[in-house]
Structures are given as structure tokens and as C-alpha cells.
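Read off the chains here:
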Amino acid sequence: MNVELKDIHFNYGKITALDGVDLALSEGACGLLGPNGAGKSTLLRILLGFLSPERGEGRVLGYDIKKEQFLIRRSVGYMPEDDCLIAGMDAVTFTAYFGEMSGMPRQEAMKRAHDVLFYVGLGESRYRLLETYSGGMKQRLKLAQALVHDPKLLFLDEPTSNLDPQGRNEILDLIKDISSKKDIQVLISSHILPDIEYTCSHVVILNKGKVAAQGDIEALKEIQYSLYEIKTKGENGGFLKALKDKGCRVEETEDQIMKVYMPANLSRNEIFQVALRENIQIRYFVKSRTSLEDLFAKTVGVD
Amino acid sequence: MVISEQGYVHWQGTFIERRFPWWPITRLGIRLAFKRKFFKFVFSISLLPAVMFSTGVYISERLDDFQFMLKGQDRLLEVNPAFFKSYFTSEPLLFLMVMIMVLAGAGLICDDLKYNSLQLYFSRPLRKRDYVLGKMATVFFFLLILTLVPGLLFVLLKLIFAGSFKFLANYPWIPVSVIAFSLLVTLFFAFYTLLVSSLSKNRRYVSILLFLVYIFSNVFFGIFYSIFHNPYFCLLSIQCDIQQVGAAFFRQSPHYDVPWIYSFLVLAAICCLSAFVLKRKIRGVEVVK
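Let me begin by describing the structure that accompanies this report. Keep in mind it's a predicted model, so treat the numbers as computed, not measured.

### Quick look at the overall build of chain A
Looking only at helices and strands, one finds 11 helices and 14 strands in chain A. Considering only C-alpha atoms, chain A reaches an extent of 80 × 45 × 35 Å along its principal axes. In chain A, buried positions account for 58% of the 303 residues. Surface exposure of chain A reaches about 13000 Å², of which carbon and sulfur atoms provide 46%. In chain A, 39 positive and 43 negative side-chain charges are present, and the distance between their average locations comes to 2 Å.

The following block contains the structure:
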């Protein structure tokens, strides 16, 4: 396991930030999801070794998060959410500088900076001053500095924020390439659910300091519930109430289609039986593809 | 969509343990300062006092050749502790040091705060003290060139031009005083620069503040001294405090009738305040927001 946390507790004064978090991440890309205040940032701080948990233990890449923070920081790359640069520098010096700060020899850091900048698509503009970079270029630069020392694990904090659609797609393609082909595990904290769904195979959903769900995205979507789209004819008040009584969550869309989230333990036949009892005609019945958004809404309990 | 111009290649090298992890930060600070043309100009100007005093050392050994210039004022060119004191505590030198701090030191921390680069530093295996040391060493580099290097150069030139060790025999403590006072004044200015630099995210404000605090501390002293005629108001002035301590280091009588240790304590208090503020402002935990 690259990241392993057991019963992690952390409080900011009287506010509980993490409450018994257990986590196990191995290869590939993993998305870290959760509403504001769920504990995502605190979890990243603990993984980077900035905060020491009050209770519990954990290892990142085999290093103890309480005792071996320096070794962790040497082996992980971090791409922060905010724009970060050093005024007056060009990209190649900037990237090499942070390679050197990670412990790379100066000459090798410089050579590696060129390679990484070409990889992220900044090869042609690597000698331009950073102040003149566009938002998308700054984003790529942050990725380059996170990759320069060839980390085994990459923490990406909102990697696609403030990007136009094309820039966003390009960054997502890079992340996918890194996580799928380069033996680098990626942990992405993001609010943009389609980004997580596109790049990650695993997801950890945090809510109120606890892990609400974690695992393979596809498996989670299947296990937790099934989603059906239904169109009915007749007075459906009783039908809806009966479905809710059985534990289904029902959403009505503007085009008169009902989205029914069925718990895993119920069969779709139940819907027909309820419809029969309530004297409702089902005119349209489709098993819908569930999205991560649906899973997130269901897990966290928000629409 | 293919956007990479070349594929990702793993790095095959090994990490090294640096004896001085702060050195890359210092090197960068020096490099960025020298990128500015105005800084280069001011730095060159700030070497002029050292050149003038070096010339003074030379003339002091060739008094007969320069009598037509000195016209009986050769007492001024005697190389003794007072000569060193007047170099190290001269107003032009101290002013030029402040100018160097404004141009090379103002952005040291404030730019990192403005551009959020602290989080990049502390996501590396870097301690807070190494970060501060790296920034301080940048100020040290420039200020020691204006203090320690000329101070030792004067001693060396004196020995070379005199052709004997008489000067060292008379004042064996001078090199130690030069080193100690250079380090003290540089340490103070480094703390002062970093303190002010950490107070704002705007380099312009920091530059103005660095300059104004130094100037106005002197102006306030002048105002209060002229009203109350109490020499203890010299403690308000950074410049006077440095001059009082400088006089003590070179075994000269201080300009104001105030124990030099008070001035020393004022400078030490500013350093302590700076350390306290830096500890609070530079926080690795802010790496992740």
C-alpha cells in the first residue's frame, strides 16, 4: 500500500477535522472528494507531514507520517491549488530550483527541468519570465515542479481550477497519462466530479471528518444503489410515497421523468409491484448510468 | 489530444544530503538581486566608502608625498581604532546599507507571501530555520561585502603598506572587533529586513517601510533630543544605536552619554521581535489551504 492510514483523529481546538479515518490506497489515481469542511485539506496536510495526528497512525510510501516527514516530502510531489511562482525567474530555473530543493544535484536538476517542461508542454516557453505566463501555463508549471524530482506519489490540489475547457482537458490528459503509464500514484483533491471520474479509478469521499465511502468508482456505484429513469401515467403521489418508504430516493426532472435511486438490496421488480398496487402505468423504464455526482450526492446526503 | 512534446522519463539519479540546505535559497536571492540594473548601480556606489577609506590607508603611509593635499590635517588619516569606527558607523555607509536592503532584501519573504511560494518550499524536505537562514544569508552576503570585507582589507592594506606588524602589535584586538561588529550589524540588518519583509505582500510597501523606519527613527530622536536635551532619546534611533555599539566595539567614547549596552539591548530586542514574527508568519502548515 502506498498510503495507509489507521484511525486518524485530528482536531482544530474544539472542531473535529478528522474522526477515525481509515484509508488504504495502492496503485493508480485516486480522487479525494468531499464538501467544504469535510477534512480533505487536513488529510492532505497529514499525508504531507505538516500536521501530526492526535491519534492513529499511518504510512506514506512506507514512511511513518509522524516521524519521517522529510522522507515523505522527498518522495512525493505536490501541486498546490493557488498560483505559485517566484517573480523574476523563468520556468526552467524555477523547476530546477525546486528539484534542487528536493535534494537533486544542481546539474541533474537543471537537465531534468528541461525534460519535465517538455513533458508538460512548456518546452517552447521555458525561458519566458513566469509573470508573463497564462493561467493554463502556470498550472502546467506547477505540475512540472511537482514532477521534477520524479516522485512516486503525486498530490494534486484542484488541478483544473481556473482553466478553460481546452486547458482543462489537456491537464486531465496529462494526469491520466502520469497515473496510468508512469508508475506514479496520483491523489487528486477536487470539487469537479467529472474530472475525478475521468482521471481516477478509485475515490475516497470524506464527510464530516469521516470516510463516507472509498473504493473502486465503478464498484461503488454498482454496490451502493441502482438508478432507474421512469415515466408514469396517472396520479403518482402514492407511488412516490411507497417507493420512498422502501428506501428509494426519488428525484423528479423537468421533463416529467423520475430518477429513482434504489438501494442495492432491492430488486427492480419492486418498482413494478408498487406501480401495480398504486394503479400506475409505467410508460418508460430505463436503467440509467450512474455518475460519480450521483454517488457523491447519495453518500454525502446533498442534492 | 497529444500535448506532450516528449514522453515522461523517470529520473535515475540519487538524492543528496546537503550540508547547507539553505544555500540554494541564498544563491537565488543573490542572483535575483543582481538581475536588477538599479541594484547593480547602487551596490557599486555603496563600495565607494570602502574605496575611499582604502585610499586613506594608503595615504596614511605616504604622508610625505601627500602633504600638499593634507595641509596639516594628517591626524585624520591616522589608521587607528577611531579610523575603523568612523568607517563602520559612518552615516553614508549605514544609509547605503539600508538602500541595499531595500533593493535586495525587501522582496525576500514578501514576494514568497505574494506569490504563494511558501507552500512549494515547505512541500520539500526543508526546515523553517533553513528557509529563514537562506533568506538571511542573502542579506549577509551583501552587507558583509560592505562591512567585513573592507574592514579586513583595511587591516591587510595597512600591514602591506607599512611593511611591518606594528599596527597589529599596537591593536591586536582590531581584527576581532572588525569581525564581531560586522557580524553584529549585519545580523541586525538581516533580522530587520526579514521582519519588515514578512509584514506585507507588497514589495513596494516593504521597501518604503524599511526606509522610513530607519529614517524616521532618526528624525524622532532629533526632535525629542532638541526639545528635551536628554541623550537617552538616542535609543529611539537605529542609526544612533549602531553608532553607540560601534564606538564600544572599537573602544572609543560613545557620541552620546548613554551606556552602549542599552543600545545593544534595543538592537537585540528588534532581533527578538523579528524572530518571533518570522516564527508566526512563516508556517509550513499553510502549505495546504
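### A look at the packing of aromatic side chains
For any two aromatic rings, the description comes down to two numbers: the centre-to-centre distance and the angle of the planes. Residue and element names in this part refer to chain A. Inspection of the entire model under this criterion finds 50 aromatic pairs over all chains. Over the face of the ring belonging to Tyr198 we find Lys176, whose NZ or CZ atom lies 4.3 Å from the ring centre. The ring of Tyr261 has Arg249 sitting right over it, with the charged end atom 4.8 Å from the ring centre.

### Topic: the state of the cysteines
Scanning all chains against the criterion turns up zero disulfides over all chains. With no disulfide partner, Cys30 of chain A has as its closest neighbouring cysteine sulfur the one in Cys200 of chain A, 6.4 Å distant. Left unpaired, Cys234 of chain B is separated from the closest cysteine sulfur, that of Cys240 of chain B, by 5.7 Å. On the basis of relative accessible area, Cys234 of chain B is assigned to the buried category, the value being 0%.

### Re the pattern of salt bridges
Scanning the entire structure with this criterion turns up 13 salt bridges over all chains. A salt bridge links Arg168 of chain A to Asp195 of chain A; the nearest nitrogen and oxygen atoms lie 2.5 Å apart. Here Asp195 of chain A lies in helix H7 (residues 193-199) and Arg168 of chain A lies in helix H6 (residues 165-181), a separation of 27 residues in the sequence. Classification of Arg168 of chain A by relative accessible area gives partly exposed; the value is 24%. Between Asp111 of chain B and Arg203 of chain B there is a salt bridge, with the nearest N and O atoms lying 2.8 Å from each other. Remark: Arg203 of chain B occurs in helix H13 (residues 203-228) and Asp111 of chain B occurs in helix H7 (residues 107-114); sequence separation between them is 92 residues. What makes Asp111 of chain B buried here is its relative accessible area of 13%. For Arg203 of chain B, a relative accessible area of 27% corresponds to the partly exposed category. Several salt bridges share partner residues, and in doing so they unite Glu100 of chain A together with Arg18 and Arg27 of chain B into one network.

### Quick notes on the sheet that holds strand E14 (residues 281-288) of chain A
Residues and elements named next belong to chain A. Read across the sheet, four strands follow the order E12-E13-E11-E14 without closing on themselves; strand pairing throughout is antiparallel. What marks the edges here is a single partner per strand, and that holds for strand E12 (249-252) and E14. Averaged over neighbouring strand pairs, the angle between their axes works out to 25 degrees when direction is ignored. In this sheet, strand E13 (residues 258-263) lies alongside strand E11 (residues 225-233) in antiparallel orientation, the contact comprising six bridges. Bridged to Ser226 within E13 is Met262. Contacts from helix H9 (residues 237-245) reach E11, E12 and E13, with the element oriented near 145 degrees to E12. Here helix H10 (residues 269-277) sits on the sheet and contacts E11, E13 and E14; the angle it forms with E14, its principal contact strand, is near 165 degrees.

What counts as what
- Residues numbered from 1 in each chain as written.
- Chains lettered and ligands numbered in written order.
- Predicted model: local features only at pLDDT ≥ 70, side-chain atom pairs only at ≥ 80, totals over all residues.
- Heavy atoms only, no water.
- Helix = DSSP H or I, 4+ residues; strand = E, 2+ residues; numbered from the N terminus.
- Buried < 20%, exposed > 50% of the residue type's maximum accessible area, 1.4 Å probe, protein only.
- Areas by Shrake-Rupley, 256 points an atom, 1.4 Å probe, with all protein chains shown as cover.
- Lys, Arg positive; Asp, Glu negative; His and termini not counted.
- Charge placed at Lys NZ, Arg CZ, Asp CG, Glu CD.
- Phe/Tyr/Trp six-rings, centres within 6.5 Å; stacked < 30°, edge-to-face > 60°.
- Lys NZ or Arg CZ within 6 Å of the ring centre and 35° of its normal.
- Disulfide = S-S within 2.5 Å.
- Salt bridge = Lys/Arg side-chain N within 4 Å of Asp/Glu carboxyl O.
- Pairing = 2+ DSSP bridges.
- Axes fitted to C-alpha atoms, helices over the stretch in contact; angles between N-to-C directions.
- Contact = heavy atoms within 4.5 Å.

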